[in-house]
Amino acid sequence: MNCEYFGKCGSCTIHDIGYEGQLDFKIQREKERFSNFTDLKDIDFDIIKSDEQNFRNRAEFKIWKNFDENDNATLSYAMTSVEKNVLEINSCQIVSLDIANLMPKLLEEIQKNKILSFKLFAIEFLNSTTGDMLVTLIYHRKLEEDWNTLALELSNKFNIKIIGRSRKQKVILENDYIDEKLNINNTNYNFRYIEGGFTQPNSKVNIGMIEWVLNNIKDSREDLCELYCGGGNFTIPLSSKFRKVLATEISKTSIKSAKTNCELNNNTKIEFIRMSAEEFVEALEEKRVFSRLKDVDLKAYDFDSIFVDPPRAGLDDTTRALVKNFDQIIYVSCNPETLHRDLEELTKTHKIINFALFDQFAYTHHIETGVILKRSIN
Ligand SMILES: C[S@@+](CC[C@H](N)C(=O)[O-])C[C@H]1O[C@@H](n2cnc3c(N)ncnc32)[C@H](O)[C@@H]1O
């Protein structure tokens, strides 16, 4: 069991090891990895499972062309395997049913038309559980007016939104987002996911992650600070537990999405700031003045908790040091290696109270982890 996709290398076929087998492999691997933390001896890992099939709400495929003797191309979806081979995909069991149903029909229509298929090299799908679908067609050529007309016909035929992309070009036919509705602990939340912004790929596990955090923290009269907030996926539901929330994120697209999401949920408790975690540390420690913060009164916040969901690199040195100043640390991680490194430091002052594995990326080696820590030493 040494390949990225547990044997089938990205062909998306459910492998012999089965869903439970691959999950159990990852649980045992993570139990072993984190076994040096004595706090974990008394804690059961909470496990949030994925659906076994049709669980991914976003997917990216290369477009592969097979030429016949007359130089006519037949298109197929493809992925690059861990060994860097191209694997043609005839059907895909891990993507949502909406994406799986659309894939062959869409390719057949594109195949029929030289303008739509010419120099097309990738297709991205973004789908909501409510059926909204955004398809991005990515080309190695400039897109002209004739492409717009045909892409609009394609969009109407399948009732989908289409974006065309090529180098330095983005053609939006209708709009560049999908609308999602998530039911979290029996409350409905509205989210708008903008193309190019970060979104969690597995909706069911995403809901499970947010509920796990909500169900394991107490209501606070104080404030929450959040770093790496994306489009407010955790921020908006978690704000119900706090007086106010200050949330930061590096991506302009995600901050735009986060502010829209706040409005969609009539939430007035949260301030979103576009700022890297490293810059935010400098602002909080009054080492640098930022014009982006001119309307934000940092001193009006009384933080007792911090929530972090960093990219794979985990926390940098200064952010890790900042995080230790909070009584409660909620850490969601997509990389157990960097989480382990960060916990080595955080557990010098804080005790691990809860620990969870979220099978966000079923049938790959990746797993998402959640940890809640409380201050044990001042
Ligand atoms: C794993 S995503 C989490 C997003 C969000 N919590 C969610 O559930 O959708 C990590 C986010 O960190 C942002 N990011 C990456 N590097 C950053 C940095 N140095 N400072 C702040 N945000 C950063 C990315 O743009 C991305 O939105």
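This one's a predicted model, so the numbers in the text were calculated from it and none came from an experiment.

Okay, the site of the ligand next. Surveying the vicinity of the ligand reveals 17 residues, the closest of which are Q200, N233, E249, A277 and D309. Separating a nitrogen atom of the ligand from a backbone N or O atom of Y228 is a distance of 3.4 Å. Measuring from an oxygen atom of the ligand, one finds a side-chain N or O atom of N233 at 2.9 Å. The fraction of the free accessible surface of the ligand (600 Å²) that becomes covered by protein chains is 87%. A per-class count over the shell around the ligand returns nine nonpolar, five polar and three charged.

Here D223 lies in strand β11 (residues 223-227). A polar side-chain atom of D223 sits 2.7 Å from the main-chain amide nitrogen of D302. Each residue touching D223, except ones within four places of it in the same chain, is listed here: F242, R243, K244, A300, Y301, D302, F303, D304 and S305.

The next thing to look at is the sheet that holds strand β3 (residues 73-80). Here we have seven strands laid out as an open sheet, ordered β4-β3-β2-β5-β6-β7-β8, and mixed in their pairing. Every interior strand has two partners, whereas the edge strands, β4 (86-89) and β8 (169-172), have only one. The mean angle between the axes of side-by-side strands here comes to 30°, regardless of whether they run parallel or antiparallel. Contacts from helix α4 (residues 145-158) reach β6 (133-139), β7 (161-166) and β8, with the element oriented near 145° to β7.

All right, on to the sheet that holds strand β14 (residues 303-308) then. Reading across the sheet, the eight strands line up as β1-β16-β17-β15-β14-β11-β12-β13 and stay open at both edges, with mixed pairing between neighbours. Edge strands, defined here as strands with exactly one partner in the open sheet, are β1 (46-48) and β13 (270-274). Strand-to-strand, the axes of this sheet are offset by a mean angle of 15°, without reference to chain direction. Of the pairings in the sheet, the one linking β1 to strand β16 (residues 350-358) comprises three bridges and is parallel in character. From the neighbouring strand, I47 faces β16, where its bridge partner is L357.

What follows concerns the UniProt feature "binding site: S-adenosyl-L-methionine" (unreviewed entry) in the protein. The positions that UniProt labels "binding site: S-adenosyl-L-methionine" (unreviewed entry) are, in the present scheme, Q200, Y228, E249 and D309. Mapped onto the fold, Q200 is located in the loop between β10 (187-194) and α5 (203-216). Looking at Q200, the relative accessible area reads 10%, which means it is buried. Along the chain, the position of D309 falls in the loop between β14 and α9 (317-323). Not counting residues within four places of it along the chain, the set of residues in contact with D309 comprises Q200, L227, Y228, F234, V332 and E368.

Let us look at the environment of L224. Along the chain, L224 falls in strand β11. The spatial distance from the C-alpha of L224 to the C-alpha of F55 is 31 Å, given a sequence separation of 169 residues. Those residues in contact with L224 that lie beyond four places of it in its chain are L238, F242, K244, V245, L246, F303, S305, I306 and F307.

Here strand β2 (residues 58-67) runs beside strand β5 (residues 120-127); their pairing, made up of five bridges, is antiparallel. Looking across to β5, one finds that A59 is bridged to F125. In this sheet, β3 lies alongside β2 in antiparallel orientation, the contact comprising six bridges. Following the sheet pairing, N66 is matched in β3 by T74. Two successive antiparallel strands, β2 and β3, enclose a turn made up of five residues, where D71 displays a positive phi of approximately 70°.

Parameters and conventions
- Note that residues are indexed from 1 along each chain, following the sequence as it is written.
- Side-chain atom pairs in this predicted model are given and counted only at pLDDT of 80 or more, local residue features only at pLDDT of at least 70, and totals for whole chains, interfaces and linings cover all residues.
- The side-chain quantities take in all heavy atoms of the structure and omit both hydrogens and water.
- Put simply, a residue is near a molecule or strand once any heavy atom of it comes within 4 Å of that molecule or strand.
- Counted as a polar contact is a pair of N or O atoms within 3.5 Å, where, for protein atoms, one must be capable of donating a hydrogen and the other of accepting one, and residues adjacent in sequence contribute only when both atoms are in side chains.
- Note on areas: Shrake-Rupley with a 1.4 Å probe; residue coverage comes only from the protein chains shown.
- Amino acid classes used here: Ala, Val, Leu, Ile, Met, Phe, Trp, Tyr, Cys and Pro are nonpolar; Asp, Glu, Lys and Arg are charged; the rest, including Gly, are polar.
- Only DSSP runs of H or I reaching four residues or more are called helices, and only runs of E reaching two or more are called strands; each is numbered from the N terminus.
- The contact definition used throughout considers only heavy atoms, calling two residues in contact when any of these lie within 4.5 Å.
- Here a strand pair is declared whenever DSSP counts at least two bridges between the two strands.
- Lines fitted to the C-alpha atoms define the axes, with helices restricted to the stretch that makes contact. Angles between their N-to-C directions range from 0 to 180 degrees.
- UniProt positions are given in the numbering used here, feature names are shortened, and annotations may be inferred rather than shown by experiment.
- Only protein chains enter the accessibility calculation, which uses a 1.4 Å probe; a residue whose area is less than 20% of its type maximum is buried, one above 50% is exposed, and one in between is partly exposed.

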